[in-house]
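Survey of secondary and tertiary structure
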Amino acid sequence: MDKLVYRFNNLGGTTDKKSKDVLGGKGANLAQMAKLGLPVPPGFTISTKVCEYFYKNNKKIPKKVINQSKKEINLIEKITKNKFGDSSNPLLISVRSGSRVSMPGMMDTILNLGLNDKTVIGLKNKTRNGRFAKDSYRRLIQMYGNVVLGIESHYFEELIENYKLTKGVIQDTELTEEDWDGLIKNFKDVVKEKTKKEFPQNVNEQLLKSIGAVFLSWNSKRAKTYRKINYIPDHWGTAVNVQAMVFGNMGEDCATGVAFTRNPSNGKKEIFGEYLINAQGEDVVAGTRTPKNLLSMSKSIPKIFQQLKKIFKQLEKKYKDMQDIEFTVENNKLWMLQTRSGKRTAKAAIKIAVDMVQEKLISNREAILRIDPNTLDTLLHPTLDEKAEKKVIATGLPASPGAASGKVTFSADDAERLKEQMQETILVRIETSPEDINGMHAAKGILTARGGMTSHAAVIARGMGKPCVSGSSEIKIDYKNKVFKSGDYEIKEGDVITIDGGSGKVMFGKVPTVKPDITGDFSKIMSWADQYRKLKVRTNSETPADTRIARDFGAEGIGLCRTEHMFFDEKRIISVRQMILSKTLEDRKEALAKLLPYQKNDFVEIFKIMNGLPVTVRLLDPPLHEFLPKTDKDIDDVAKELNMSHNDIKSRITELHEQNPMLGHRGCRLGISFPEIYHMQCEAIFEALAECKKKRIKLVIPEIMIPLVSTAAEIQILRNLVNNTAKEIQKKRSIKIKYYVGTMIELPRAAIRAKDIAKYADFFSFGTNDLTQTTYGISRDDSGKFLNDYVENKIFNKDPFVSIDERGVGELIKIATERGRLEKKSLKLGICGEHGGDPASIEFCERAKLNYISCSPYRVPVARLAAAQAYLKKKK
Ligand code: PEP
Ligand code: MG
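Attention in this report is confined to the structure presented alongside it.

Parameters and conventions
- Residues numbered from 1 in each chain as written.
- Chains lettered and ligands numbered in written order.
- Predicted model: local features only at pLDDT ≥ 70, side-chain atom pairs only at ≥ 80, totals over all residues.
- Heavy atoms only, no water.
- Pairing = 2+ DSSP bridges.
- Helix = DSSP H or I, 4+ residues; strand = E, 2+ residues; numbered from the N terminus.
- Axes fitted to C-alpha atoms, helices over the stretch in contact; angles between N-to-C directions.
- Core = buried A, V, L, I, M, F, W, Y, C linked by side-chain atoms within 4.5 Å.
- Buried < 20%, exposed > 50% of the residue type's maximum accessible area, 1.4 Å probe, protein only.
- Contact = heavy atoms within 4.5 Å.
- Patch = residues over 30% accessible without salt bridge, like charges linked within 9 Å, V, L, I, M, F, W, Y side chains within 5 Å.
- Areas by Shrake-Rupley, 256 points an atom, 1.4 Å probe, with all protein chains shown as cover.
- Salt bridge = Lys/Arg side-chain N within 4 Å of Asp/Glu carboxyl O.
- Lys, Arg positive; Asp, Glu negative; His and termini not counted.
- Charge placed at Lys NZ, Arg CZ, Asp CG, Glu CD.
- Polar contact = N/O pair within 3.5 Å; in protein donor to acceptor, adjacent residues only side chain to side chain.
- Expected span 1.5 Å × (residues − 1).
- Donors = N, O, S within 2.8 Å, 3.2 Å for Na, K, Ca; no water.
- Near = heavy atom within 4 Å.
- Nonpolar A, V, L, I, M, F, W, Y, C, P; charged D, E, K, R; others polar.

**Some details on the sheet that holds strand β23 (residues 496-500)**
- Read from one edge to the other, the open sheet built from eight strands follows the order β14-β24-β23-β16-β17-β18-β19-β15, with strand pairing classed as mixed. The sheet is open, and its two borders are formed by β14 (392-395) and β15 (397-400), each paired with just one other strand. Looking at each pair of strands side by side, their axes are set apart by 30° on average, direction ignored.

In structure tokens form, the structure reads like this:
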């Protein structure tokens, strides 16, 4: 068996990363600090490998580890001149967990081990502080009782509270040695009553059981949940750190505190921390006493403050990152108890990274790798004021970041009406459909009871940069009575709620938000990212407003313009409906002719904004019934406007109904059945180019994209249609038009037959929303019902609609890339499914050698950074 017990000072591996795997984060950093010569109380780390062994061998600690631990304890005894279990000079130790990555508060810790009825007297005599000794002993019984013996903490807490009540005091600090004596007796009675055994007086038993308990806490419910949320593998296990105790609560020359080497909230280079004189670590965080600002320590204990300042510098130099530190001062001697990279806000992360480059601590490559791209979202949207009070009434999926408050409305039209009255609304729907688009535009945010991260509401909201909480199954919506219920809450139309699309929380009332400011550091990081990345970053956008936002965020083109979204505008939808309801080709052409100028103007606007950058226009994709009226009232309105009968419309709707619309008459199948529709769209694109030319607007080279192709024949036929239309317009307008024709790859067959398809395509764009749907055979709109069970049962690691399934969908992308380029070396390859904005998927796209990624406007900065990281990681 490998080495299993490591003395601090011994890093156990060659690199920091490796040593963290073996020693856990806390153990590796303690060892590192000891190696740097910093004052670390002596101790040792039991490796994570022992945790693995423990679980594989009936929860037993190997003999070898027990023996080695005893030897290490002997050494600590020598260094501290104390003895474990000795009644006159007792050594006290702590046993702490520590996994590879920090899991704050998720696992267990036991302090003050080594105290029993005899050693507590030794501690009292030695420190000449009976109150301190007894307080320490009761803390041990309480912690050990809870962590090792499984007795719920409240049994102990209640005893203290009742005692204080009888005595008429408020603070624990008001209890005397005698008071604690009585409570110790009561605590021991609780242990006896609950476990039918006495509190163990044997210190070696205390130690062994505590080590076992820390290993067991790796699999506690909260630790498992934390791992699931943070994608931490179950097999990593925790290390155990055993260390001599030091005390910050032995008198006025003692203290304890926590510190950050820089401000974790805004990133400023300043010492940031708190401390308490005569206290233990937990008192600082418990909030029973108000800690003091660490800067004031320069006056109260100046010598220690100066020493700390020096150490902070040393640690930053070593770790090249902001550190989060715990320390204790025992009788005027400083002890370092922990250091780790500190958690920080996105704003602070950016400032710290940029500053550290300027301070020559890190390179700009390292600065890029330091920032979690997903956190950038919080800088681009308004966020909830952290200090504000919040009453959470439901939770759902964090579908589109940002926070918004407004009056609850249950229909898109109401949202629009209220907007006209300058009122802010949250649109609450069971799920949204393309018909709700006007209301989604009008509302400040969207809340749905059904639908996953790629549901209609989620995709559209992200595209619009609007906050959205989707799939909040707790809420039960009653459209008829205009009310929704969530648990005991009943929210009526007009009541104000707040949604936080970053956390998925729904709150009652208006929670104030703050507008984050994007400082110069942000653009600096972005420009560094642009220097390194190879993947181009485009955006999915179809409105001038979104396109402008995306350009401001640095989009280098449009990767997906979903033309159907342009059809939902109030003035156009009637012509779209007329087109669909037409019985003859003539009638259909008449309706299409009405749509042509609208569509052309849209393209002119977008081409103008894109100023010569590539624009991928996708021809009509969704099944036609999506555009048709749903309610009887809507049908009546349409009937009146189109001079048709209610029944005529209803029967056409029945005709168009499909059992599986996602696999039905949609995508290029529409172009095959109704070539006049695609013809009109191409005409609009080319006419827009002609107009741009006339207006001397820099010409874009449109990339016309055919959706849902599965055979070469489909694209061959439709490419001809595009070419013929181009010829017509070239002739009509006497201009030369440059354009490309390509296809989406969103069906497994298209990926497999990529070589044939590439004959007729200048580019492929992977539509990974549909490709995931069709590869798994899982409906993207219904997956919410069982995705959680799949994650729970470890069938899925992550939602495959959020992060690309590399082994299945990814494999198809690789096949299509290889086969497509085999046919046509110049084939341009990109991705335009929602995965184009997901950092993990972007890393895959870099490895798969795609040319570009395309994502919703607000994800553009995220994608730029993630693309740079993907490249740098690949090179490492
Ligand atoms: C896709 O399927 O990935 C895609 C981009 O198209 P849509 O989401 O519009 O179906
Ligand atoms: Mg698709």
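Next, the rest of the story.
**Thoughts on the nonpolar core**
- Core analysis: the largest hydrophobic core is formed by 142 residues, its most contacted members being Phe 686 and Ile 706.
- Take this core: its biggest share by element is eleven residues, from helix α26 (residues 675-694).
- Residues within four places of Phe 686 in sequence aside, it is in contact with Ile 704, Val 722, Thr 725, Ala 726, Ile 729, Ile 737 and Tyr 739.
- Within the second largest apolar cluster, 64 residues are counted, among which are Leu 123, Leu 140, Val 148 and Val 191.

**Things to note about a negative patch on the surface**
- Together, Asp 413, Glu 420, Asp 569 and Glu 570 give the surface a local cluster of negative charge.
- The topology assignment puts Glu 570 in helix α21 (residues 570-581).

**A word on the side chain of Arg 780**
- With respect to the helices and strands, Arg 780 occurs in the loop between α30 (768-776) and α31 (787-792).
- For Arg 780, a relative accessible area of 12% corresponds to the buried category.
- Polar contacts involving the side chain of Arg 780 include one to the side chain of Asp 770, which spans 3.3 Å.

**Some words on helix α7 (residues 177-195)**
- With 19 residues, α7 ought to run about 27 Å at 1.5 Å a step, and its terminal C-alpha atoms sit 27 Å apart, in line with that.
- Of the positions making up α7, those classed as buried are Glu 177, Asp 179, Trp 180, Leu 183, Ile 184, Phe 187, Lys 188, Val 190 and Val 191.
- Close packing links the buried residues of α7 with α4 (119-127), α5 (130-147) and α6 (154-167).
- One or two positions beyond α7, positive phi appears at Lys 196, with a value near 65°.

**Digging into the coordination of the magnesium ion (ligand 2)**
- In the first shell of the magnesium ion (ligand 2), the protein supplies Glu 746 (OE) and Asp 770 (OD), at 2.0 to 2.2 Å from the metal. In this pair, Glu 746 sits in the loop between β30 (740-745) and α28 (748-752) while Asp 770 sits in helix α30, placing the two residues 24 residues apart along the sequence. Accessibility classification places Glu 746 together with Asp 770 in one group, the buried group.

**Describing the site of ligand 1**
- What surrounds ligand 1 is a group of 13 residues, the closest being Arg 562, Gly 767, Asn 769, Asp 770 and Arg 780.
- One of the side-chain N or O atoms of Arg 618 is found 3.0 Å from an oxygen atom in ligand 1.
- For ligand 1, an oxygen atom lies 3.3 Å from a polar atom in the backbone of Gly 767.
- In the complex, the protein chains occlude 95% of the 290 Å² of accessible area that ligand 1 would expose alone.
- Considering each element in turn, the shell around ligand 1 owes the most residues, three residues, to α30.
- A breakdown of the residues in the shell around ligand 1 according to their chemical character gives three nonpolar, four polar and six charged.

**So, the pattern of salt bridges**
- This model, assessed by the stated rule, comprises 62 salt bridges.
- With its nearest N and O atoms 3.5 Å apart, the salt bridge here joins Asp 189 to Lys 185. You can see Asp 189 and its partner Lys 185 sitting in helix α7, four residues apart, about one turn around the helix.
- For Asp 189, a relative accessible area of 40% translates into the label partly exposed.
- One salt bridge connects Glu 490 with Lys 485, and the closest N-O pair in it is separated by 3.9 Å.
- Here Glu 490 falls in the partly exposed class, since its relative accessible area comes to 46%.
- Linked by salt bridges that have partners in common, Glu 564, Arg 618, Asp 621, Arg 666, Asp 770 and Arg 780 make up one network.

**A look at the sheet that holds strand β33 (residues 852-855)**
- Here eight strands make up a closed barrel; going around it, the order is β26-β27-β28-β29-β30-β31-β32-β33 and the pairing parallel. This sheet shows a mean twist of 25° between the axes of neighbouring strands, independent of strand direction.
- Bridge count between strand β28 (residues 615-618) and strand β29 (residues 702-706): four bridges; the pairing is parallel. From the neighbouring strand, Val 615 faces β29, where its bridge partner is Pro 702.
- The strands touched by α26 are β28 and β29; relative to β29, the strand with the most contacts, the crossing angle is about 170°.

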